[in-house]
Amino acid sequence: DAGITQSPRHKVTETGTPVTLRCHQTENHRYMYWYRQDPGHGLRLIHYSYGVKDTDKGEVSDGYSVSRSKTEDFLLTLESATSSQTSVYFCAISSSGGASYNEQFFGPGTRLTVL
Amino acid sequence: QKEVEQDPGPLSVPEGAIVSLNCTYSNSAFQYFMWYRQYSRKGPELLMYTYSSGNKEDGRFTAQVDKSSKYISLFIRDSQPSDSATYLCAINTGTASKLTFGTGTRLQVTL
């Protein structure tokens, strides 16, 4: 497995509370991504990073923020969790960008339940 | 129209069957197409990729792209119970290697 860990792996929280998910990589890859996976929607990109302190929005970024202060860590924050954010969250990494073949390696996922 | 569409299944086949999994896409400019496999409660992992049109074979797996009809396929020959998983097609849509995924097709291979 590519060296990607996610923490926590499972979390149950209440509506309105802040939540931070962490993705940590040991591969020194430049690009990092946060996805959510829901039945009927597949994997959808939330935010991505193309370098330290360089981030951009994906297709479902509302209600989420990210930060990347080190190459190896990419944090996803739900400022005020809602039930619609109950999902499985995956982090992915890639060594290079562009409209070409660049494999994305995925972490094990975090199951988040917002009550 | 979604950029990538995929039949969610589920698809159940007997061991040894040939499986065909398919996706359609909307933008003829896309050139890099991938298939990921995802076992239950695991992260997706890359199975195969193809560039532009044509076929690519790897063991029991064949990936095929038909750019004229904007159709991509994954064929699995001599399917095994260990092939039971969700298969997601993905397209590299441009900068930063952003991928757009299909919804995934759940496959079950029965003994």
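Residues numbered from 1 in each chain as written. Chains lettered and ligands numbered in written order. Predicted model: local features only at pLDDT ≥ 70, side-chain atom pairs only at ≥ 80, totals over all residues. Heavy atoms only, no water.

(A) A look at the sheet that holds strand 3 (residues 19-25) of chain A. Residues and elements named next belong to chain A. One open sheet holds the four strands; their spatial order is 1-3-8-7, and the pairing between them is antiparallel. A strand with exactly one partner marks an edge of an open sheet, and here the two such strands are strand 1 (4-7) and strand 7 (64-70). Neighbouring strand axes in the sheet, compared pairwise and without regard to direction, differ in orientation by 20° on average. As defined by bridge partners, strand 7 adjoins strand 8 (residues 73-78) across five bridges and the pair is classed as antiparallel. Opposite Ser65, over in strand 8, you have Thr77 as the bridge partner. (Pairing = 2+ DSSP bridges. Helix = DSSP H or I, 4+ residues; strand = E, 2+ residues; numbered from the N terminus. Axes fitted to C-alpha atoms, helices over the stretch in contact; angles between N-to-C directions.)

(B) How the structure looks around the interface of chain B and chain A. Contacts between chain B and chain A engage 22 residues on the former and 25 residues on the latter. For the pairing of chain B and chain A, the buried interface totals around 1900 Å² over both sides, and the portion due to carbon and sulfur atoms is 57%. Where chain B meets chain A, there are two residue pairs in polar contact (both at pLDDT 80 or more). Those elements giving two or more residues to the side of chain B that touches chain A turn out to be strand 4 (32-38), strand 5 (45-51), strand 9 (85-92) and strand 10 (99-101) of chain B. (Contact = heavy atoms within 4.5 Å. Buried area = accessible area lost by both parts, 1.4 Å probe. Polar contact = N/O pair within 3.5 Å; in protein donor to acceptor, adjacent residues only side chain to side chain.)

(C) Fine view of the nonpolar core. Judged by nonpolar contacts, the single largest core of 24 residues is most densely connected at B:Trp35, B:Ile72, B:Leu74 and B:Tyr87. For this core, the elements supplying multiple residues, two or more each, are strand 3 (19-25), strand 4, strand 5, strand 7 (61-66), strand 8 (71-76), strand 9 and strand 11 (105-110) of chain B. Excluding its chain neighbours within four sequence positions, the residues that come into contact with B:Ile72 are B:Leu21, B:Asn22, B:Cys23, B:Tyr25, B:Phe33, B:Trp35, B:Gln64, B:Val65 and B:Cys89. By size, the runner-up hydrophobic cluster in this structure holds 19 residues, among which are A:Ile46, A:Tyr64, A:Leu78 and A:Val114. (Core = buried A, V, L, I, M, F, W, Y, C linked by side-chain atoms within 4.5 Å. Buried < 20%, exposed > 50% of the residue type's maximum accessible area, 1.4 Å probe, protein only.)

(D) Examining the pattern of salt bridges more closely. All names here are of chain A. In total, this model carries seven salt bridges over all chains according to the counting rule given. Arg22 is paired through a salt bridge with Asp73; the nearest N and O atoms lie 3.1 Å apart. Taken together, the residues span a long stretch of sequence, with Arg22 in strand 3 and Asp73 in strand 8 at a distance of 51 residues. Residue Asp38 is joined to Arg44 by a salt bridge in which the shortest nitrogen-to-oxygen separation is 3.0 Å. For the residue pair Asp38 and Arg44, the accessibility class agrees, reading buried in each case. Salt bridges sharing common partners tie together Arg22, Lys70 and Asp73. (Salt bridge = Lys/Arg side-chain N within 4 Å of Asp/Glu carboxyl O.)

These figures come from the coordinates and say nothing about function on their own.
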